[in-house]
Amino acid sequence: MAGLFRRIILAVAHHPVVERIMLRSHAGRCLARRFVPGMTLDEAVAACRQLNDRGMSVSLDHLGEEVKDEVAARAARADYLECIERIAAEGLDANLSVKLTQLGLGVTGPDALVAEAITELAEAAGRANTTVTIDMEDSRWTQATVDLYTALQPAAGNLGLALQAALYRTPADLERVITLGGHIRICKGAYLEPPEVAVQRKDEVDLRFAAMLQALLAQTEAVPAVATHDERLVDLTVALARDRTAPLEFQMLYGIRTDLQRRLVDAGWPMRVYVPYGSHWYPYLTRRLAERPANLLFFLRALPRG
Ligand SMILES: Cc1cc2nc3c(=O)[nH]c(=O)nc-3n(C[C@H](O)[C@H](O)[C@H](O)COP(=O)(O)OP(=O)(O)OC[C@H]3O[C@@H](n4cnc5c(N)ncnc54)[C@H](O)[C@@H]3O)c2cc1C
């Protein structure tokens, strides 16, 4: 049932007319603001500072994905380099979260462009004493993403990778990347995937997440980043990691379950909040809507009456 809702919401949201209304209307922008604190780097930095002041670290995501040409890919890289400069100059407790299709994956055939981008960002992040997490996009990109991480992390040393519990392949990917150190973010998976590559039932995704969590917490080579707002999985992590001395962190999205974020920080757990910013917010918003159709109520409430 949840899968059906997700499918319907994504189909409707990607209709050009709906997209135009969401992008242009006050109600659409209000809804976006709930999950995206700013259109500019300055606004993202302000949100980051507030979260740092509350004892939370941040992952900054300059929104954008599936760029169409090399110019756009190089522009995205330049934006991230500027973001790293700000992190360093302002002493922020923040790292980067990047999407490979924003940095050129798929644009020029062999992935030299994106490998060059990740290497440059990792070096700049290293000089700023921070790290770069590679988000996991839909399953068309999984193999290339895992391959790129595997190729670059040994030399870079400060990369991290997101893995999605929903995909059948993920336990094998997890095994492959753990030995490379870095930080491994486990999440349920935000994309609609076909039954050939991913489990479809939510309870099965949750079980797979729990199994990955156990594998990740049982080792100390890679740093686990537990990315969920699911209270049962958070509680399981707390129970499993109570005696763990090696590092780990929780990660949650900006604007979601801020009560749980606060509670974990108050209990002494490291919390990193994912802060997206920029004008290309629509695909990000559609994923947040598909995860929780009730978010549409915010849109409806913001519509003008009369
Ligand atoms: C830091 C971070 C990074 C991520 N990176 C990736 C990535 O690289 N690739 C990827 O595919 N996915 C990524 N995701 C998204 C993830 O895969 C899930 O789609 C998303 O987190 C919702 O799943 P959940 O674990 O919170 O559990 P759910 O069972 O979906 O939700 C648990 C509870 O969280 C709250 N909640 C969840 N989603 C929403 C929402 N949209 N709006 C309001 N409340 C909500 C609700 O209270 C819900 O009951 C990331 C998630 C986080 C937290």
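Look a little higher up for the structure.
The structure reproduced in this document is the subject of the present report. (Residues numbered from 1 in each chain as written. Predicted model: local features only at pLDDT ≥ 70, side-chain atom pairs only at ≥ 80, totals over all residues. Heavy atoms only, no water.)

1. Notes on the overall build of the chain
Each helix and strand counted, the chain has 13 helices and eight strands in total. The globule rule puts the C-alpha radius of gyration for 306 residues at 19 Å, and the 19 Å found for the chain is close to it. Across its three principal axes, the chain shows a C-alpha extent of roughly 60 × 45 × 40 Å. For the chain, buried positions account for 52% of its 306 residues. Sequence-distant contacts in the chain: of pairs separated by 6 or more residues, those separated by 24 or more amount to 72%. For the chain, the exposed surface amounts to about 14,000 Å²; the carbon and sulfur share of it is 57%. Of the side chains in the chain, 35 bear a positive and 38 a negative charge, and the two mean positions are spaced by 7 Å. (Helix = DSSP H or I, 4+ residues; strand = E, 2+ residues; numbered from the N terminus. Rg over C-alpha atoms; globule rule 2.2 N^0.38 Å. Buried < 20%, exposed > 50% of the residue type's maximum accessible area, 1.4 Å probe, protein only. Contact = heavy atoms within 4.5 Å. Areas by Shrake-Rupley, 256 points an atom, 1.4 Å probe, with all protein chains shown as cover. Lys, Arg positive; Asp, Glu negative; His and termini not counted. Charge placed at Lys NZ, Arg CZ, Asp CG, Glu CD.)

2. Observations regarding the nonpolar core
Ranked by internal contacts, the top residues of the largest apolar core, which has 75 residues, are L60, V98, L103, I118, L161, I184 and L264. Setting aside anything within four residues of it in sequence, one finds I118 in contact with V98, L100, L103, I134, L148, L152 and L159. Among the nonpolar cores identified, the runner-up in size contains 18 residues, and L10, L253, W281 and Y284 belong to it. (Core = buried A, V, L, I, M, F, W, Y, C linked by side-chain atoms within 4.5 Å.)

3. Concerning a nonpolar patch on the surface
A cluster of nonpolar side chains, L4, I8 and V12, forms an exposed patch at the surface whose accessible area comes to about 260 Å². Mapping I8 onto the fold places it in helix α1 (residues 2-13). When its relative accessible area of 44% is taken as the criterion, I8 is described as partly exposed. (Patch = residues over 30% accessible without salt bridge, like charges linked within 9 Å, V, L, I, M, F, W, Y side chains within 5 Å. Salt bridge = Lys/Arg side-chain N within 4 Å of Asp/Glu carboxyl O.)

4. Structural notes on the site of the ligand
Around the ligand, the structure places 26 residues, and the nearest of them are G189, K202, T228, H229 and E291. Contact distances for the ligand include 2.8 Å between a nitrogen atom and a backbone N or O atom of M136. Between an oxygen atom of the ligand and a side-chain N or O atom of T228, the distance comes to 2.6 Å. Most atoms of the ligand, that is more than half of them, are within 2 Å of grid points of the largest pocket. At the level of secondary structure, the elements contributing two or more residues to the shell around the ligand comprise β4 (159-164), β5 (183-187), β7 (249-253) and α12 (282-291). For the shell around the ligand, the leading source of residues is β7, giving three residues. Of the residues assigned to the shell around the ligand, the class counts are 11 nonpolar, six polar and nine charged. (Near = heavy atom within 4 Å. Polar contact = N/O pair within 3.5 Å; in protein donor to acceptor, adjacent residues only side chain to side chain. 1 Å grid on protein atoms, 1.4 Å probe; cavity = no way out; pocket = protein on both sides within 12 Å on 5 of 7 lines; lining within 4 Å. Sits in = over half its atoms within 2 Å of the grid points. Nonpolar A, V, L, I, M, F, W, Y, C, P; charged D, E, K, R; others polar.)

5. Quick notes on unusual backbone geometry
Positive phi, close to 50°, is recorded for E66, a residue that is not glycine. Relative to the assigned elements, E66 resides in the loop between β1 (57-62) and α5 (70-89). Overall, E66 belongs to the partly exposed group, its relative accessible area being 29%. The phi dihedral of R257 falls on the positive side, at around 50°, and the residue is not glycine. Here R257 shows up in the loop between β7 and α11 (258-266). Classification of R257 as partly exposed rests on a relative accessible area of 28%.

6. Considerations on the pairing of β5
With respect to burial, β5 is a largely interior element, five of its five residues being buried. Covered by surrounding structure in β5 are H183, R185 and C187 together with I184 and I186, the residues of both alternating faces. In terms of strand pairing, β4 meets β5 through five bridges, oriented parallel. In the sheet register, L163 faces β5, and the bridge partner there is I186. Handedness of the β4-helix α8 (residues 170-178)-β5 crossover: right-handed. Crossover handedness for the path β5 to helix α9 (residues 202-217) to strand β6 (residues 223-227): right-handed. (Pairing = 2+ DSSP bridges. Right-handed = clockwise from strand over helix to strand, strands pointing away.)

7. Regarding the packing of α9 against helix α10 (residues 231-241)
Where α9 meets α10, the axes come as close as 11 Å, and the angle between the chain directions of the two elements is 20°. In terms of orientation, α9 lies roughly parallel with respect to α10. The two elements α9 and α10 meet at a crossing, and its hand is right-handed. Contacts between α9 and α10 involve D206, F209, A210, L213, Q214 and L217 on the former and, on the latter, R232, L233, L236, T237, L240 and A241. Its residues assigned to classes, the contact of α9 with α10 comprises eight nonpolar, two polar and two charged. (Axes fitted to C-alpha atoms, helices over the stretch in contact; angles between N-to-C directions. Parallel < 35°, antiparallel > 145°, perpendicular 65-115°, else oblique. Left-handed = near helix turned anticlockwise from the far one by under 90°.)

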